[in-house]
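Structural features, examined
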Amino acid sequence: MMELRVLRYFLEVAREGNITHAAQRLRISQPTLSKQLKELEGELGKKLFVRGNYNVRLTDEGMLLRKRAEDILDMVGKTEEEFRALGEISGGDIRIGCAESDGMKHLARRFKAIRAQYPGIRFHLYSGDTEDLAERLDRGQLDFVVIAQEVDLSKYNYLKLPAVDRWGVVMKRDSPLAKQEAVRMEDLLNLPIITSRQGYREDFPKWFAEKADRLNIVATFNLAYNAGILVKEGMGYVLTFDKLISTGPDSGLCFRPMVPVLETSLYLIWKKYQVFAPAAELVLGDLKEQFRSTERGG
């Protein structure tokens, strides 16, 4: 049976790419570390590393184990934190997956208020799209997730946040389309479009219907910052939420809203029948109190 200690050894070698350097960081001898790795390979019946003269690299099996080991150790750390916090409401770690949205400011204000009363509570934010974050939530690696799409009521309870994100197009200010006050869907059919993978999968088929196949999608993203750089370099137009990409005076970019108006609501979700550590229970209670009228589930 694999030991957590050996998984930590394996991850250190995977990160360093060098057994000697990993042994120094772990403060164990290089022969001891090499022996542990060979025993791990023997236990799994798979070769995990390709060994060179000065470094090692992961095999396909090693890369799979690295992902699983990171998940396992992350979950172990979260469980240890929860047990340390039992009976102690003064502190704890809250892990929240976050969609990109200006509406996060509503949660940020509550987090600030909670920490003013309980300074030992720490918030750890993980940004990504709904699919990635929901997977982490299902595995127990996150306490809550903020999503910008409809909720799967068979799996999650939710609070609807008092925020609505408006869709529009970010473009260079010297673009011909920038002369318009708003953008119609028909305006986008012949342009190079950059959009989120989630929007492409979930929203475009509903909005564009049979015209979706006529869109020229040149790039997709899961976080908007780099998409803004693509626009600055003239690669295309970003279809995204307002306020995610800087369009200030020095940016060279501008935002034009879609017409008819396209809007997406924001939700805080958590697993049904979830048992929370005291700190997470406190945070959820605060948010329910603030957003009581939008609650679904318990």
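See the structure printed just above.
This is a predicted model, so every value here is computed, not measured.

Our focus in this paragraph is the side chain of Glu 12. Note on placement: Glu 12 falls in helix H1 (residues 4–16). Among residues more than four places away in sequence, those in contact with Glu 12 are Ala 22, Arg 25 and Leu 26.

Here we come to the pattern of salt bridges. Any two side chains of opposite charge can pair, on the condition that their charged atoms come close. The final tally for this structure, using the stated rule, is 19 salt bridges. One salt bridge in this structure joins Glu 41 and Arg 51, with 3.4 Å as the shortest N-O distance. Of this pair, Glu 41 sits in helix H3 (residues 30–44) while Arg 51 sits in strand S1 (residues 49–51); the two residues are ten residues apart in sequence, bridging distant segments of the chain. Overall, the relative accessible area of 11% leaves Glu 41 in the buried class.

Position of Asp 187 relative to the elements: it lies in the loop between strand S7 (183–184) and strand S8 (192–196). A polar atom in the side chain of Asp 187 sits 3.2 Å from the side chain of Gln 180. For Asp 187, the contacting residues outside a window of four places in its chain are Leu 177 and Gln 180.

Along strand S10 (residues 237–241), five of the five residues are buried, which leaves the element largely enclosed by surrounding structure. Two elements, strand S6 (residues 156–172) and S10, share four bridges in a ladder whose sense is antiparallel. Residue pairing for S10: Trp 167 is matched across the bridge by Phe 241. In this structure, S8 lies alongside S10, joined through three bridges in parallel fashion. By the bridge assignment for S10, Ile 194 is matched with Val 238.

As a further point, take empty space enclosed by the protein. Following the criterion strictly, the structure yields two cavities of 30 Å³ or more and no others. Taken as a whole, the largest cavity holds about 250 Å³ of empty space. Taken together, 18 residues form the lining of the largest cavity, with Glu 100, Ser 196, Gln 198, Asn 222 and Phe 241 sitting closest to its centre. Of all the elements, helix H7 (residues 197–208) adds the most residues to the lining of the largest cavity, at four residues. Looking at the lining of the largest cavity residue by residue, the class counts come to eight nonpolar, six polar and four charged.

We now examine the environment of Asp 74. Position of Asp 74 relative to the elements: it lies in helix H4 (residues 60–85). Exposure remark for Asp 74: the relative accessible area of 21% places this residue in the partly exposed category. Apart from the residues within four sequence positions on either side, Asp 74 is in contact with Arg 95, Arg 136 and Gln 141. Looking at Asp 74, its side chain comes within polar contact range of the side chain of Gln 141, at 3.4 Å.

Rules and cut-offs
- Residues numbered from 1 in each chain as written.
- Predicted model: local features only at pLDDT ≥ 70, side-chain atom pairs only at ≥ 80, totals over all residues.
- Heavy atoms only, no water.
- Helix = DSSP H or I, 4+ residues; strand = E, 2+ residues; numbered from the N terminus.
- Contact = heavy atoms within 4.5 Å.
- Salt bridge = Lys/Arg side-chain N within 4 Å of Asp/Glu carboxyl O.
- Buried < 20%, exposed > 50% of the residue type's maximum accessible area, 1.4 Å probe, protein only.
- Polar contact = N/O pair within 3.5 Å; in protein donor to acceptor, adjacent residues only side chain to side chain.
- Pairing = 2+ DSSP bridges.
- 1 Å grid on protein atoms, 1.4 Å probe; cavity = no way out; pocket = protein on both sides within 12 Å on 5 of 7 lines; lining within 4 Å.
- Points joined across faces, edges and corners; volume = space filled by probe spheres on them.
- Nonpolar A, V, L, I, M, F, W, Y, C, P; charged D, E, K, R; others polar.

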